[in-house]
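# Tertiary structure, described
Each chain, written out:
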Amino acid sequence: MKVLLRGVHLNLSDALKSYVDEHLVRHIERFADDEAAEIDISLVDTNGPKGGMDKECRVTVRLPGLSSVHVTETADSLFPAIDASRDRLETSLKRMLGKRRDVHTNGLPEDVAADVPTY
């Protein structure tokens with residue numbers, strides 16, 4: 001999986017990079033075991049030094065053969081925004097992959113669907 005991480009109007013520390021890797025990327029990697037998969041993460045500070053509820057985590061996941069999933073979460077700190085993004089992405093990807101399985105195998109797992117005769 002290709003991971004693109006960028007900071008907009010803020011510096012990415014090593015601690016923040018490792019937090020993103022551990023709490024976001026590793027959770028999403030289990031849905032995409034393909035080298036063509038891509039996750040684009042933008043950490044944004046919209047107000048700069050003014051403070052307030054202005055830290056955003058924008059994540060776009062692109063999986064081959066599926067449409068892209070984009071999530072934006074805002075919080076007062078980057079860490080809760082990253083965690084909220086992870087939770088929403090997991091839910092969206094599970095739903096998308098579940099729909100894909102339902103369409104192609106009539107709701108059955110692929111190994112069971114192969115044994116069912118078609119009439």
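Reference entry: report on the structure contained in this document. Predicted model only: the values in this text are computed from it and were never measured.

### Focus on the overall build of the chain
- A count of helices and strands for the chain gives three helices and four strands.
- The burial tally for the chain puts 34% of its 119 residues in the buried class.
- By element, 48% of the accessible surface of the chain is carried by carbon and sulfur atoms, the whole surface being about 7400 Å².

### Here's the deal with the environment of Leu16
- Considering the arrangement of structural elements, one finds Leu16 in helix 1 (residues 14-29).
- The class of Leu16 is buried, set by a relative accessible area of 6%.
- Sequence-wise, Leu16 and Phe79 are 63 residues apart; in three dimensions their C-alpha atoms are separated by 8.4 Å.
- In this view, Leu16 contacts Leu43, Leu78, Phe79 and Ile82; residues no more than four positions away in its chain are not counted.

### A short note on the sheet that holds strand 1 (residues 2-8)
- An order of 1-2-3-4 is seen for the four strands of this open sheet, with the pairing classed as mixed. Strand pairing shows two members of the sheet lacking a second neighbour, strand 1 and strand 4 (69-75), which therefore form its edges. Averaged over all neighbouring strand pairs, the angle between strand axes comes to 10 degrees, with direction disregarded.
- Judged from the eight bridges that link them, strand 2 (residues 38-45) and strand 3 (residues 55-62) form a sheet pairing that is antiparallel. Residue Asp45 lies in a different strand from strand 3, and its bridge partner there is Lys55.
- Against the sheet, helix 1 touches strand 1, strand 2 and strand 3, its axis set at about 140 degrees to strand 2.

### Notes on the pattern of salt bridges
- Taken as a whole and assessed by the stated rule, the structure comprises 10 salt bridges.
- With its nearest N and O atoms 2.7 Å apart, the salt bridge here joins Asp40 to Arg6. With Asp40 in strand 2 and Arg6 in strand 1, the pair connects residues that are 34 residues apart, well separated along the chain.
- With a closest N to O distance of 3.3 Å, Asp87 and Arg86 form a salt bridge.
- Asp87 sits in the partly exposed class, given a relative accessible area of 40%.
- When its relative accessible area of 13% is taken as the criterion, Arg86 is described as buried.
- It is possible to trace a salt-bridge network through shared partners that takes in Asp45, Asp54 and Lys55.

Quick notes on the rules
Residues numbered from 1 in each chain as written. Predicted model: local features only at pLDDT ≥ 70, side-chain atom pairs only at ≥ 80, totals over all residues. Heavy atoms only, no water. Helix = DSSP H or I, 4+ residues; strand = E, 2+ residues; numbered from the N terminus. Buried < 20%, exposed > 50% of the residue type's maximum accessible area, 1.4 Å probe, protein only. Areas by Shrake-Rupley, 256 points an atom, 1.4 Å probe, with all protein chains shown as cover. Contact = heavy atoms within 4.5 Å. Pairing = 2+ DSSP bridges. Axes fitted to C-alpha atoms, helices over the stretch in contact; angles between N-to-C directions. Salt bridge = Lys/Arg side-chain N within 4 Å of Asp/Glu carboxyl O.

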